[in-house]
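# Breakdown of the fold
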Amino acid sequence: MGHANKQFESLGIAVLTVSDTRDRSTDTSGEYLAVNATESGHQVIKREIVIDDIYLIRACVSAYIADTAIQAVIVTGGTGFTSRDSTPEAVKPLFDKEVEGFGELFRYLSFKEIGTSTIQSRAISGLANNTVIFCLPGSTNACKTAWTGVIEAQLNGAHGPCNFVPHLQTNETLRCASRAV
């Protein structure tokens, strides 16, 4: 049995760039994600840049998953192996469920583009408070690979046989919850 919602529903998305050096004018990865999310029919509710600090990253993502207007969070940056890369350590403790297949599929798609260098990506995904979170490498090409190869379809309720939309705290979910109170 599929989980397809059978129709597109615009989602609220937060885009968080993790970087010690980028600002809004040099954040090509965050810009790519925000533009493509909007062009796909979604609403970018928040777009921020935070330095690679485990507690600042966790605080931003925690605020996003507590915000009922946000159903998806896309984090770019901080997934490598340098001493400053801490996105997976910051975000994983927030997951209610990890989406193991995302990292596997991302690295498979990335392997076709950059070969074995893809093993240095610690891209992860999970669900927290009915919000899907994707953590991507900081390169714009990696964000393109993740968006076009996985994320765009999984945030589309019309995509079959299944997608994440039925698992997210969408406007319909909120309407049902408010009637139950």
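Here is what the cut-offs are and how they apply
Residues numbered from 1 in each chain as written. Predicted model: local features only at pLDDT ≥ 70, side-chain atom pairs only at ≥ 80, totals over all residues. Heavy atoms only, no water. Phe/Tyr/Trp six-rings, centres within 6.5 Å; stacked < 30°, edge-to-face > 60°. Helix = DSSP H or I, 4+ residues; strand = E, 2+ residues; numbered from the N terminus. Buried < 20%, exposed > 50% of the residue type's maximum accessible area, 1.4 Å probe, protein only. Lys NZ or Arg CZ within 6 Å of the ring centre and 35° of its normal. Expected span 1.5 Å × (residues − 1). Contact = heavy atoms within 4.5 Å. 1 Å grid on protein atoms, 1.4 Å probe; cavity = no way out; pocket = protein on both sides within 12 Å on 5 of 7 lines; lining within 4 Å. Points joined across faces, edges and corners; volume = space filled by probe spheres on them. Nonpolar A, V, L, I, M, F, W, Y, C, P; charged D, E, K, R; others polar. Bend = angle between axes of the 7 residues up to and from the residue. Core = buried A, V, L, I, M, F, W, Y, C linked by side-chain atoms within 4.5 Å. UniProt positions renumbered as here; feature names shortened; annotations may be inferred.

We now examine the packing of aromatic side chains. By the definition in use, this model includes three aromatic pairs. Where F102 meets F106, the ring centres are 6.3 Å apart and the plane angle is 25°; that geometry is what we call stacked. Separated by four residues within a single helix, F102 and F106 lie in helix α4 (residues 100-114), roughly one turn from each other. Since its relative accessible area comes to 1%, F106 is described here as buried. Directly above the ring of F81 sits R122, whose terminal nitrogen or CZ lies 5.5 Å from the centroid.

Moving on, we get to helix α1 (residues 28-39). The terminal C-alpha atoms of α1, which comprises twelve residues, lie 16 Å apart, in line with the 16 Å expected from a rise of 1.5 Å per residue. Among the residues of α1, S29, G30, Y32, L33, A34, N36 and A37 are the ones counted as buried. Considering only its buried residues, α1 is in contact with β1 (12-18), β2 (43-50), β3 (72-76), β6 (131-136) and α5 (140-154). Backbone geometry just after α1 places G41 at a positive phi near 105°.

So, about the layout of surface pockets. Its volume calculated, the largest pocket comes out at about 180 Å³. Taken together, 15 residues line the largest pocket, and the ones lying closest to its centre are I114, S117, Q120, S121 and P137. Among the elements that make up the lining of the largest pocket, the one with the highest residue count is α4 (four residues). Of the residues assigned to the lining of the largest pocket, the class counts are five nonpolar, nine polar and one charged.

Within the secondary structure layout, H42 lies in the loop between α1 and β2. In contact with H42, not counting residues within four places along its chain, are F8, E9, S10, L11, I13, A37, W147 and L155.

Take α5 next. Over its 15 residues, α5 runs 20 Å from end to end, which matches the ideal 21 Å to within 8%, given 1.5 Å per residue. Considering bend angle alone, the principal kink of α5 is centred on W147 and spans about 50°. Check the buried side of α5 and you find it contacts α1, β3, α4 and β6.

Core analysis: the biggest nonpolar cluster contains 27 residues, and F102, F134, L136, I151 and L155 have the highest contact counts within it. Contributing elements (two or more residues each) for this core: β1, α1, β3, α4, β6 and α5. For this core, the leading source of residues is α5, giving six residues. Setting aside chain neighbours within four positions, we find F102 in contact with A123, I124, S125, F134, C135, L136, A146, V150 and I151. Of all hydrophobic cores here, the second largest spans 20 residues; its members include V61, I65, I70 and V75.

Those places that UniProt annotates as "domain: MoaB/Mog" (unreviewed entry) correspond, in this numbering, to residues 14-158. Secondary structure within residues 14-158 divides into 41% helix and 21% strand; the distance between the first and last C-alpha atoms comes to 21 Å.

This brings us to the environment of V35. By secondary structure assignment, the location of V35 is in helix α1. Taking the C-alpha atoms as reference points, V35 and K46, eleven residues apart in sequence, are found 13 Å from one another.

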